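Here's the letter readout for the chains.
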Amino acid sequence: MTKNTNNPYYNLFQKQKSNQYKVANSTYNQRINKLNTLKRAIEITFRDDIKEALYNDLGKPDVESEMTEIYQIVGDIKYVKSNLHKWMRNKKVPTPLSMLGASSYIKYEAKGVCLIISPWNFPFNLTFGPLVSAIAAGNTAIIKPSEMTPHSSALMKKIVQSVFSEDEVALVEGEVQSSTDLLKLPFNHIFFTGSPVVGKIVMKAAAEHLASITLELGGKSPTIVDSTANLKTAAKKIMWGKFMNCGQICVSPDYALVDETVKDAFIKECKTWLKEYYGENPETSDSYGRIVTSKHFNRLKAHLDDAKSKHATINSGANSNEDVKYIAPTIVSDLGNDASLLEDEIFGPILPIVTYKTINEAIEYINTKERPLALYIYSKSKKNTKQLLNNTKAGGTCINNNIIHYANHNLPFGGVNNSGIGKSHGYYGFKAFSNERAVVKQHTFGITELLFPPYTGIKEKLARLTVKWF
Ligand code: NAD
């Protein structure tokens, strides 16, 4: 620990460390009171400020801010409130006959001092969501939000300060260096949401202290549209899921993998829905957002330039306005395998369309890439759906829809390998921030004592009987 005394966050960390048992031993009512105060701050006191900050940072339409940020956090808190009593209780488990005279249970105890590092695309939801789970499980937490969305980060700091004392929850603003400094401290759990590249940095830092981790990462989430799909509803949902928040969503459909026989009809439907959602000129639409920073704008622009230089077909969009970080909802097809759009996670409003001849070919294509956070299937064929589900891996899947699995509190949310480690939301979030402590209580003389040394006479016989019968 001595080497950390110069760390700018050392004192804050120590304060939380000293307070951790008080917080861990808080009752159900005390935790609910805290969550209620946070809920009031988000739902009432700061509601308009939240929408304003999101508009300033991301040009987020108010309806999207209500639905994808405020509603998600408030919904999370409501769900935790109606279940926490059950989750906090010790869970009795059976005890084998060979341990006669003892009983066993699992005690859900707080992990301790936690670090939450969050991204910029849903700054409130992806910061307060994990915080709700951390509080429910009785932890203290230091939060580091993204520097890319400064209005949101400054407001979240204000909200945190209005609800918590800093020895329980504190928010630290700052650039990457702040995360780097925080990651040197011996946190008990680190909950990181962001890119796989930074996820690896976080995992290495956690290894120094053997801190447990939850990594909520991203990647290329495929959307399969087979020849049996209802193309009209598939396009309707994909155009909504892809272009909400300007495609800056971890579970957004990254690319569409479409049966070649329905490609043209599918693209036609997509264009119809784009016009329906955003009008003739999406730049003037109140329902369409903006790219977060110039750096991200230029990254996406480079993808488009690469596609154009390789003679891909631009089916829709591709125009942009750097001054306001606008990129039109774009659909691109006929890309070669060397197109940059097919390599990295796009995280922006560009949908590449890749065609396949057979479901096996689609599966092979998916499996040449890292395991995705989400995989979506549009099909009326049970056989195709089953084949896709059984021969690919993904953090989550929607069949004939996209994104909505994120909003079901009863489901675990998270990735697999490159798209994440560990799960969050509802009970799974509570578990991520809890240590499941195994407790055995001896009530009477334990039968195991019959087998203590010295191992003489009847003991060998007893050991054999135990192996055979218990
Ligand atoms: P990012 O990884 O660049 O940054 C995330 C956080 O890490 C930020 O707070 C940032 O300050 C910090 N950070 C950046 N570089 C760091 C470093 N070198 N060391 C330590 N900390 C560092 O991600 P982003 O651009 O904010 O978000 C986009 C990515 O996040 C996408 O890959 C997306 O798929 C993913 N994402 C995943 C989820 C999920 O729930 N699985 C949700 C949203 C976004």
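Only a predicted model underlies this, so the values are computations on that prediction, with no experimental measurement involved.

K.L.:
I keep staring at the site of the ligand and nothing clicks. Help me out?
P.N.:
By nearness alone, 27 residues border the ligand, and Ser118, Glu147, Ser195, Leu217 and Glu345 come closest of all. Contact between the ligand and glutamate 345: an oxygen atom at 2.6 Å from a side-chain N or O atom of the residue. For the ligand, whose accessible area on its own is 850 Å², the fraction buried by protein is 90%. Contributing elements (two or more residues each) for the shell around the ligand: α7 (176-183), β6 (189-193) and α8 (196-209). Per-class residue counts for the shell around the ligand are 15 nonpolar, eight polar and four charged. Viewed by domain, the shell around the ligand spans two of them, domain 1 (10-217 + 420-437) and domain 2 (222-407), each represented by three or more residues.

K.L.:
What is the right way to look at unusual backbone geometry in this model?
P.N.:
One can expect most non-glycine residues to show negative phi and most peptide bonds to be in trans. Looking along the chain, the bond that leaves proline 453 and enters proline 454 is cis, with omega of 0 degrees. The topology assignment puts proline 454 in the loop between β18 (434-442) and α15 (458-469). We note that asparagine 245 has phi near 50 degrees; this positive angle belongs to a residue other than glycine. Mapping asparagine 245 onto the fold places it in the loop between α9 (231-243) and β9 (255-259). Residue classification places asparagine 245 among the buried residues on the basis of a relative accessible area of 3%. A positive phi angle, close to 55 degrees, is found at aspartate 334, a residue other than glycine. Among the secondary structure elements, aspartate 334 is positioned in the loop between β13 (330-333) and β14 (350-356).

K.L.:
Looking at this structure, I do not really get the domain arrangement of the protein. What am I missing?
P.N.:
The accessible area lost on association of the parts is a frequent measure of interface size. We note that the domain assignment places domain 1 (10-217 + 420-437) and domain 2 (222-407) within the protein. For domain 1 versus domain 2, the distance between C-alpha centres works out to 31 Å. The interface is formed by 18 residues belonging to domain 1 together with 18 residues belonging to domain 2. For the pair domain 1 and domain 2, the two sides together bury roughly 1500 Å², of which 57% comes from carbon and sulfur. There are zero salt bridges connecting domain 1 and domain 2. The interface formed by domain 1 and domain 2 contains six residue pairs in polar contact (both at pLDDT 80 or more). Elements that contribute at least two residues to the side of domain 1 that touches domain 2 include exactly α3 (47-58), α4 (62-88) and α5 (125-136). It is α4 that provides the largest number of residues to the side of domain 1 that touches domain 2, a total of three residues. Grouping the constituent residues of the side of domain 1 that touches domain 2 by class yields seven nonpolar, seven polar and four charged.

Rules and cut-offs
- Residues numbered from 1 in each chain as written.
- Predicted model: local features only at pLDDT ≥ 70, side-chain atom pairs only at ≥ 80, totals over all residues.
- Heavy atoms only, no water.
- Near = heavy atom within 4 Å.
- Polar contact = N/O pair within 3.5 Å; in protein donor to acceptor, adjacent residues only side chain to side chain.
- Areas by Shrake-Rupley, 256 points an atom, 1.4 Å probe, with all protein chains shown as cover.
- Helix = DSSP H or I, 4+ residues; strand = E, 2+ residues; numbered from the N terminus.
- Nonpolar A, V, L, I, M, F, W, Y, C, P; charged D, E, K, R; others polar.
- Domains from an automatic or database assignment.
- Buried < 20%, exposed > 50% of the residue type's maximum accessible area, 1.4 Å probe, protein only.
- Contact = heavy atoms within 4.5 Å.
- Buried area = accessible area lost by both parts, 1.4 Å probe.
- Salt bridge = Lys/Arg side-chain N within 4 Å of Asp/Glu carboxyl O.

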